[in-house]
Amino acid sequence: MLMSTTQIIIYSLDLIGTSAFAFSGALRALDRRPDFIGVLTLAGITAIGGGMIRDGILGRQAAVLSDPVYMYVILASVVAIYLFPGSFWKRANLFNYFDAFGYGAFAGVAANIGVHLPGMNIFSIFILAVLTGCGGGVVRDVIINKPSLPLNDELYVIPVLFGATALYCVHYFQLCAPDCAELFGFLAAFFITTGMRLAAISFNLRLPRVGGESAQ
């Protein structure tokens, strides 16, 4: 079945986001010195874990189970890191940038799915977007016993809430013509989420801790 231009753009960014999360998953675990299968496992969990959690909740078949391109993308990303680990190891901060890009793409995809489902409200869309964006990374961090980014005090969940809200408003308030609302809403969610994450990384933007800075 032929895809529309909007579907091609969303699909392409979803694949790029999958690659970005695969890179971030592998980079997050480099200091554990895993073998190839270990790197591939952690990259795969990061890249597809959130989407599979989302699809399991919605009772729909996960795209990765019917479209092998996702696995090819993950495999290619892992091969690149496995063959040239030194190049990536010297740039440890790349993890955050790959993570930001993948987070924006996955949050946009999830919010776009949610806004087209019957009976979904803005909070339902928030949940889908956060689960898709954070789910794989949280599972990865539990496996390698590292602090999970969503539980840190840096801006991580907040960007996806703004991005999902933008997508919801495009559809709810009909901010553009129906034939371009899906693409415009998705791009708004993607750029807002990714942009806020990159700003948080670049300028070390953080939320106040519970109980103030002195809280232990």
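Residues numbered from 1 in each chain as written. Predicted model: local features only at pLDDT ≥ 70, side-chain atom pairs only at ≥ 80, totals over all residues. Heavy atoms only, no water.

**With respect to the overall build of the protein**
Line of reasoning, step 1. The helix and strand inventory of the protein stands at nine helices and zero strands.
Line of reasoning, step 2. For the protein, the N- to C-terminal ordering of α and β elements is α-α-α-α-α-α-α-α-α.
Line of reasoning, step 3. For the protein, the C-alpha radius of gyration of 17 Å lies close to 17 Å, the compact-globule estimate for 216 residues.
Line of reasoning, step 4. When its C-alpha atoms are laid out on the principal axes, the protein stretches across 50 × 50 × 30 Å.
Line of reasoning, step 5. In the protein, buried positions account for 46% of the 216 residues.
Line of reasoning, step 6. Long-range pairs, those at least 24 residues apart, make up 78% of the contacts in the protein with a sequence separation of at least 6.
Line of reasoning, step 7. As presented, the protein carries roughly 11,100 Å² of accessible surface, and 67% of it is formed by carbon and sulfur atoms. (Helix = DSSP H or I, 4+ residues; strand = E, 2+ residues; numbered from the N terminus. Rg over C-alpha atoms; globule rule 2.2 N^0.38 Å. Buried < 20%, exposed > 50% of the residue type's maximum accessible area, 1.4 Å probe, protein only. Contact = heavy atoms within 4.5 Å. Areas by Shrake-Rupley, 256 points an atom, 1.4 Å probe, with all protein chains shown as cover.)

**Observations regarding the confidence of the model for the protein**
Segments scoring low in pLDDT should not have their predicted coordinates read at a detailed level.
Line of reasoning, step 1. Chain-level pLDDT for the protein is 90 on average; 94% of the residues reach the 70-or-more range.
Line of reasoning, step 2. No element of the protein has a lower mean pLDDT than helix H5 (residues 85–89), which averages 67, and none a higher one than helix H8 (residues 157–172), which averages 95. (pLDDT = per-residue confidence, 0-100.)

**Details of unusual backbone geometry**
Line of reasoning, step 1. Within the chain, asparagine 145 stands out as a residue other than glycine whose phi angle is a positive 60 degrees.
Line of reasoning, step 2. Inspection of the secondary structure assignment puts asparagine 145 in the loop between helix H7 (122–143) and H8.
Line of reasoning, step 3. For asparagine 204, which is not a glycine, the phi torsion comes out positive at approximately 55 degrees.
Line of reasoning, step 4. Summarising the element assignment, asparagine 204 is placed in the segment after helix H9 (178–203).

**Points about H8**
Line of reasoning, step 1. Between its terminal C-alpha atoms H8 stretches 22 Å, which fits the 22 Å expected from 16 residues at 1.5 Å a residue.
Line of reasoning, step 2. Of all the residues in H8, the buried ones are Pro159, Val160, Gly163, Ala164, Ala166, Leu167, Tyr168 and Val170.
Line of reasoning, step 3. Following H8 by one or two positions, glutamine 174 has its phi on the positive side, about 50 degrees. (Expected span 1.5 Å × (residues − 1).)

**Considering helix H1 (residues 5–28)**
Line of reasoning, step 1. Between its first and last C-alpha, H1 extends 34 Å over 24 residues, near the 34 Å set by a 1.5 Å rise per residue.
Line of reasoning, step 2. When you tally the buried positions in H1, you get 17 out of 24 residues, the bulk of the element.

**A short note on the pattern of salt bridges**
Line of reasoning, step 1. Within the structure shown, the criterion is met by four salt bridges.
Line of reasoning, step 2. Linking arginine 54 and aspartate 55 is a salt bridge whose minimum nitrogen-to-oxygen distance equals 3.0 Å.
Line of reasoning, step 3. Among the salt bridges present, the one from arginine 140 reaches aspartate 141, with a minimum N-O distance of 2.9 Å.
Line of reasoning, step 4. Note on aspartate 141: relative accessible area 2%, which makes it buried. (Salt bridge = Lys/Arg side-chain N within 4 Å of Asp/Glu carboxyl O.)

**Concerning the state of the cysteines**
Line of reasoning, step 1. Inspection of the entire model under this criterion finds zero disulfides.
Line of reasoning, step 2. Unpaired in this structure, cysteine 169 has its nearest cysteine sulfur neighbour in cysteine 176, at a distance of 12 Å.
Line of reasoning, step 3. With a relative accessible area of 23%, cysteine 169 lands in the partly exposed category.
Line of reasoning, step 4. The thiol sulfur of cysteine 180 is not disulfide-bonded, and the nearest other cysteine sulfur, from cysteine 176, lies at 3.4 Å. (Disulfide = S-S within 2.5 Å.)

**Remarks on the packing of aromatic side chains**
Line of reasoning, step 1. Evaluation of the coordinates by the stated rule reveals eleven aromatic pairs.
Line of reasoning, step 2. Between phenylalanine 101 and phenylalanine 190, the ring centres sit 5.1 Å apart and the planes meet at 80 degrees, which makes this aromatic pair edge-to-face. Separated by 89 residues along the polypeptide, phenylalanine 101 in helix H6 (residues 94–115) and phenylalanine 190 in helix H9 bring together distant segments of the chain.
Line of reasoning, step 3. On the basis of relative accessibility, which here comes to 28%, the residue phenylalanine 101 falls in the partly exposed class.
Line of reasoning, step 4. With 6.1 Å between their ring centres and 80 degrees between their planes, phenylalanine 123 and phenylalanine 126 make a pair best called edge-to-face. Taken together, the positions of phenylalanine 123 and phenylalanine 126, both in helix H7 and three residues apart, correspond to about one turn of that helix.
Line of reasoning, step 5. Judged by relative accessible area, which is 17%, phenylalanine 126 ranks as buried.
Line of reasoning, step 6. The rings of Phe101, Phe186, Phe190 and Phe191 are connected pair by pair, giving a single aromatic cluster. (Phe/Tyr/Trp six-rings, centres within 6.5 Å; stacked < 30°, edge-to-face > 60°.)

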